[in-house]
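# Working through the structure, step by step
Take a look at the letters that make up each chain.
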Amino acid sequence: MAQQRHAVPPPLKTEEDYIPYPSVHEVLGREGPFPLILLPQFGGYWIEGTNHQLSGTPDSPPTPAPGTRAKLEGNHTAKIYRKHFLGKEHFNYYSLDPALGHLVFSLKYDEQEHLHLLLRTRARTLHDVVPISCLAEFPNVVQMAKLVCEDVNVDRFYPVLYPKASRLILAFDEHVLSNHFKFGVIYQKLGQTSEEELFGTTEESPAFAEFLDVLGQRVQLRDFKGFRGGLDVTHGQTGSESVYCHFRDKEIMFHVSTKLPYTEGDAQQLQRKRHIGNDIVAIVFQDENTPFVPDMIASNFLHAFVVVQLEQGGSQGTLYKVSVTARDDVPFFGPPLPDPAVFRKGPEFQEFLLTKLINAEYACYRAEKFAKLEERTRAALLETLHEELQARSQAMLGLGPDDERPDNGAAAPGFFESFKSLLVPGSRRGRRGSAIGLGSVEEALLVPGKSPSRRRPGPLGSRRSSAIGIESIQEAPAGRAEKPEPPDFSRSSSSASSFGSAAEEPEPGRESRSPSGTHRNAFPDTPWPDDPPGTPTGRRPPDSPCPEIKIQLEQPPHNPGS
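Residues numbered from 1 in each chain as written. Predicted model: local features only at pLDDT ≥ 70, side-chain atom pairs only at ≥ 80, totals over all residues. Heavy atoms only, no water.

Quick reminder of the rule: UniProt positions are given in the numbering used here, feature names are shortened, and annotations may be inferred rather than shown by experiment.
By the naming in an unreviewed UniProt entry, the protein chain goes by Rap1 GTPase-activating protein 1 isoform X3 and is assigned to Pipra filicauda. Under Function (unreviewed entry), UniProt gives the following word-for-word description of the protein chain: "GTPase activator for the nuclear Ras-related regulatory protein RAP-1A (KREV-1), converting it to the putatively inactive GDP-bound state."

Below is the structure:
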């Protein structure tokens, strides 16, 4: 019994078992100055920039050196294909891995005898450059893929034969890139500690108006031609004015709380919250020393806040104190704040602040919630790309696209269908859109206003299998000259449109040949699995409930004069 008592695990901790951080009301009851940011009572956030104490020297507020530019973070792997592959001789392949899922592989051999390898999986894109001199022998495609990712477990890769495949692959790689950003701007006055108070402010102080001029330029929303960030530029339902900035080839629209519509009698101010609450990063400007707590605003999207507070009584011009907070699963993002985190107003501060905001959004995409969403989106787009490359490559060989084959379960697959199903295990027939409501990747690249059209495939595709899996009736049994007739659909209980493709009348004089060049009969001389002994091969028993479509082979009338 004593051992059993010791084996019982301790009870799980609840919020009551933790020592909470002091609330904002408790902190305000103490003597100031107060920090710019307070952690929520039960944590969940990290803070950067807690020291704002200036010394008495005139040059104490640090500013970035002129001419130095903070680095913008982003998905640089998404730009590799455009930079190193597009427009240059390279090869693309696709395959299906049982563990990694759909794979799209690009390789290039350059003049310096280097292999550029780019492997796309549903989780990420891997890139490597391998010198040929480091290899004992020139590898095959599977071995090249394993140089990038050792977990690749496929027997072979299939070449992409579609001439416009590079456009499809480029669209997939760059779907994560964007030059448009939107950030919220919240004005926090002295003593405001709740969401209702923050969104209920209608007036702008001179200090807040001066800070908005640091962020960007004021623009009239009506007929605005730049990136609007979800604001109404036609009917004025989201206000008449906003703040906009063009920064390093990127367009930024700010959702300023005081410029969004104010609704009398609405305590939550949903017209304001529906824009700022759906942003990922927001700025909080403080006129005076009142701490901001990240959980003041209830939002599933807001993951990072940059808090800026005016430094009162500065003799060196306008100074701003800056602190940053983000959720625990958001990684750190640069540029780092100096110590002390105090800036002098100027273009250097604007560049630092805008860079910090953009990098914050990129970092938030790596948080758990956004990472799962991106992984699902990427997997769906990669599967669509894989299916598109496969279908287009097969169409180049004259095999016909997948969506033109019967898929109603009533037809036995023809030779090419069986061959393709063996090439790509687990492949599903028919094209489909991605899980996020997108169609095929190529459809987004077609000429606007022109509906996608599909050309009729080559001669092999024109003789695709009929609704009962028979490509054509090639020749009569030996010793008998019989002319095949088209099936009689009038005796079918259902119309021919219920099948995936209509049965086509075979062309007279056309024969089927095997790959070796010999004649082959379209009816294999093998009995049906349920045929009783003695049943002639090549036709079903008379009492079989299926098929509904019958093909009759009749002997031509005997010519008495012959």
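Additional details are given in the paragraphs that follow.
## Let's talk about the overall build of the protein chain
Let me state the cut-off plainly: A helix here means a DSSP run of H or I that spans at least four residues, while a strand means a run of E at least two residues long, and both kinds are numbered starting from the N terminus. In this scheme, a residue with accessible area under 20% of its type's maximum is buried, one over 50% is exposed, and one in between is partly exposed, where area comes from a 1.4 Å probe on protein chains only. Contacts are assigned to residue pairs that have any heavy atoms within 4.5 Å of one another.
Within the protein chain, the secondary structure is distributed over twelve helices and 16 strands. Each of the 562 residues in the protein chain was classed as buried or not, and the buried ones make up 43%. Taking the contacts inside the protein chain whose residues are at least 6 apart along the sequence as the reference set, 64% of them involve residues at least 24 apart.

## Some remarks on a nonpolar patch on the surface
This is how it is decided: Each patch is built from salt-bridge-free residues with over 30% relative accessible area, joining like charges within 9 Å and nonpolar side chains (Val, Leu, Ile, Met, Phe, Trp, Tyr) within 5 Å. Here the Shrake-Rupley method, with its probe set to 1.4 Å, supplies the accessible areas, and only the displayed protein chains count as covering residues. Here, a salt bridge means any Lys or Arg side-chain nitrogen found within 4 Å of an Asp or Glu carboxyl oxygen.
The grouping of Leu161, Met396 and Leu397 at the surface amounts to a nonpolar patch, some 280 Å² of accessible area in total. Within the fold, Met396 resides in helix 10 (residues 368-396). Classification of Met396 by relative accessible area gives partly exposed; the value is 48%.

## Things to note about the sheet that holds strand 4 (residues 114-120)
As a reminder of what qualifies: Pairing between two strands requires that DSSP report at least two bridges joining them.
Read across the open sheet, the five strands follow the order 5-4-3-2-6; overall the sheet is antiparallel. Pairing within the sheet leaves two strands with one partner each, and these edge strands are strand 5 (125-131) and strand 6 (158-159). Taken together, the seven bridges between strand 2 (residues 91-97) and strand 3 (residues 101-109) define a ladder with antiparallel strand orientation. Across the sheet, residue Tyr94 finds its bridge partner in strand 3, namely Val104.

## Brief notes about the packing of helix 7 (residues 206-215) against helix 9 (residues 347-364)
How two helices pack is summed up by the angle between their axes together with the distance between the axes. Heads up, the condition is: Simply put, an axis is a line fit to the C-alpha atoms, just over the touching stretch for a helix, and the angle between two N-to-C directions goes from 0 to 180 degrees. In this scheme, roughly parallel covers angles under 35 degrees and roughly antiparallel covers those over 145, while 65 to 115 is roughly perpendicular and the rest are oblique. All residues other than Ala, Val, Leu, Ile, Met, Phe, Trp, Tyr, Cys, Pro, Asp, Glu, Lys and Arg, Gly among them, are scored as polar; the first ten of these are nonpolar and the last four charged.
Taken N-terminus to C-terminus, the directions of helix 7 and helix 9 make an angle of 75°; their axes are 9 Å apart at the nearest point. Taken together, the axis directions place helix 7 and helix 9 in an arrangement best described as roughly perpendicular. Residue-level contacts link Phe211, Val214 and Leu215 of helix 7 to Phe349, Gln350, Leu353 and Leu354 of helix 9. For the contact of helix 7 with helix 9, the residue count by class is six nonpolar, one polar and no charged.

## Here's the deal with the nonpolar core
Applicable threshold: Residues belong to one nonpolar core when they are buried, are Ala, Val, Leu, Ile, Met, Phe, Trp, Tyr or Cys, and are joined through side-chain atoms within 4.5 Å.
One finds Phe211, Leu215, Ile252, Phe254, Phe285, Val308 and Phe349 to be the most contacted residues of the largest nonpolar core, which totals 47 residues. Of all the secondary-structure elements, those providing two or more residues to this core are strand 7 (180-188), helix 7, strand 9 (241-247), strand 10 (250-256), strand 11 (281-286), strand 12 (304-310), strand 13 (319-327) and helix 9. Sort the elements by how many residues they give to this core and helix 9 lands first, with ten residues. With sequence-adjacent residues up to four places away left out, Leu215 is seen in contact with Val185, Val243, Cys245, Phe254, Ile283, Gln350, Leu353 and Leu354. Counting residues in hydrophobic clusters, the runner-up holds 28 residues, among them Ile186, Phe227, Met253 and Val307.

## What to know about the environment of Leu260
You can see Leu260 is positioned in the loop between strand 10 and helix 8 (270-276). According to the relative accessible area criterion, Leu260 is buried, its value standing at 5%. In sequence terms Leu260 and Arg272 are twelve residues apart; their C-alpha atoms lie 5.6 Å from each other. With residues up to four places along the chain from it excluded, the contact list for Leu260 reads Leu231, Thr238, His255, Arg272, His275 and Ile276.

## Things to note about helix 5 (residues 165-173)
Side chains three or four residues apart in an α-helix point the same way, a direct result of the helix having 3.6 residues per turn. Taking burial as the measure, the nine residues of helix 5 include seven buried ones, the bulk of the element. The set of residues buried in helix 5 consists of Ala165, Ser166, Leu168, Ile169, Leu170, Phe172 and Asp173. Among the structural elements, helix 3 (80-85), strand 2, strand 3, strand 4 and helix 10 are those in contact with the buried residues of helix 5.

## What to know about the packing of helix 5 against helix 10
Contact pair helix 5 / helix 10: the axes reach a minimum separation of 10 Å and the direction vectors enclose 175°. Comparing their axes, helix 10 and helix 5 come out roughly antiparallel. Residues Ala165, Leu168, Ile169 and Phe172 of helix 5 form the contact with helix 10, whose participating residues are Arg378, Leu381, Leu382, Leu385, Glu388 and Leu389. Classifying every residue of the contact of helix 5 with helix 10 by side-chain character gives eight nonpolar, no polar and two charged.

## Things to note about helix 9
To be explicit about the condition: Expected span of a helix: the number of residues minus one, times 1.5 Å.
Between its first and last C-alpha atoms helix 9 spans 26 Å; for 18 residues at 1.5 Å apiece the expected length is 26 Å, and the two agree. Burial runs high along helix 9: 14 of the 18 residues are buried.

## Some points on the pattern of salt bridges
Evaluated as defined, the whole model comprises 14 salt bridges. A salt bridge links Arg82 to Glu174, with the shortest nitrogen-to-oxygen separation between them at 2.6 Å. Of the two residues, Arg82 is situated in helix 3 and Glu174 in the loop between helix 5 and strand 7; the sequence distance between them amounts to 92 residues. A relative accessible area of 45% means that Arg82 is categorised as partly exposed. In this structure, the salt-bridge partner of Glu368 is Lys372, at a minimum N-O distance of 3.2 Å. With Glu368 and Lys372 both in helix 10, this residue pair falls four residues apart, about one helical turn. Through salt bridges with shared partners, a single ionic network connects Glu204, Asp213, Arg218, Glu241 and Lys259.

## Some thoughts on the environment of Pro139
With respect to the helices, strands and loops of the structure, Pro139 is situated in the loop between strand 5 and helix 4 (141-148). Given a relative accessible area of 9%, Pro139 falls into the buried group. Apart from the residues lying within four places of it in its own chain, the contact partners of Pro139 are Leu115 and Met144.

## Observations concerning the packing of aromatic side chains
Quick note on the threshold: Each Phe, Tyr or Trp ring (for Trp, its six-membered ring) is paired with any other whose centre lies within 6.5 Å, and the angle between the two planes then decides the class: stacked below 30 degrees, edge-to-face above 60, tilted in between.
The tally for this structure, following the rule as stated, stands at 24 aromatic pairs. On the numbers, 6.3 Å between centres and 45° between planes, the contact of Phe183 with Phe254 is tilted. Remark: Phe254 occurs in strand 10 and Phe183 occurs in strand 7; sequence separation between them is 71 residues. The pair Phe183 / Phe254 is uniform in exposure class, with both members buried. Taking the centre distance of 5.6 Å and the plane angle of 35° together, the rings of Phe208 and Phe285 count as tilted. Of this pair, Phe208 sits in helix 7 while Phe285 is found in strand 11, placing the two residues 77 residues apart along the sequence. Considered together, Phe208 and Phe285 belong to a single accessibility category, that of buried residues. Each residue in the set Tyr187, Phe208, Phe211, Phe285, Tyr320, Phe343, Phe349 and Phe352 is aromatic and connected to the rest through ring pairs, giving one cluster.

## Examining the confidence of the model for the protein chain
Rule in force here: A residue's pLDDT is the confidence the predictor assigns to it, expressed on a 0 to 100 scale.
Here the protein chain shows a mean pLDDT of 74. Residues at 70 or above account for 65%. When the criterion is pLDDT under 50, residues 1-10 qualifies, and its contacts beyond four places in sequence or with other chains add up to zero contacts. Counting contacts from residues 402-542, a segment whose pLDDT is below 50, to residues more than four positions away or on other chains yields 182 contacts.

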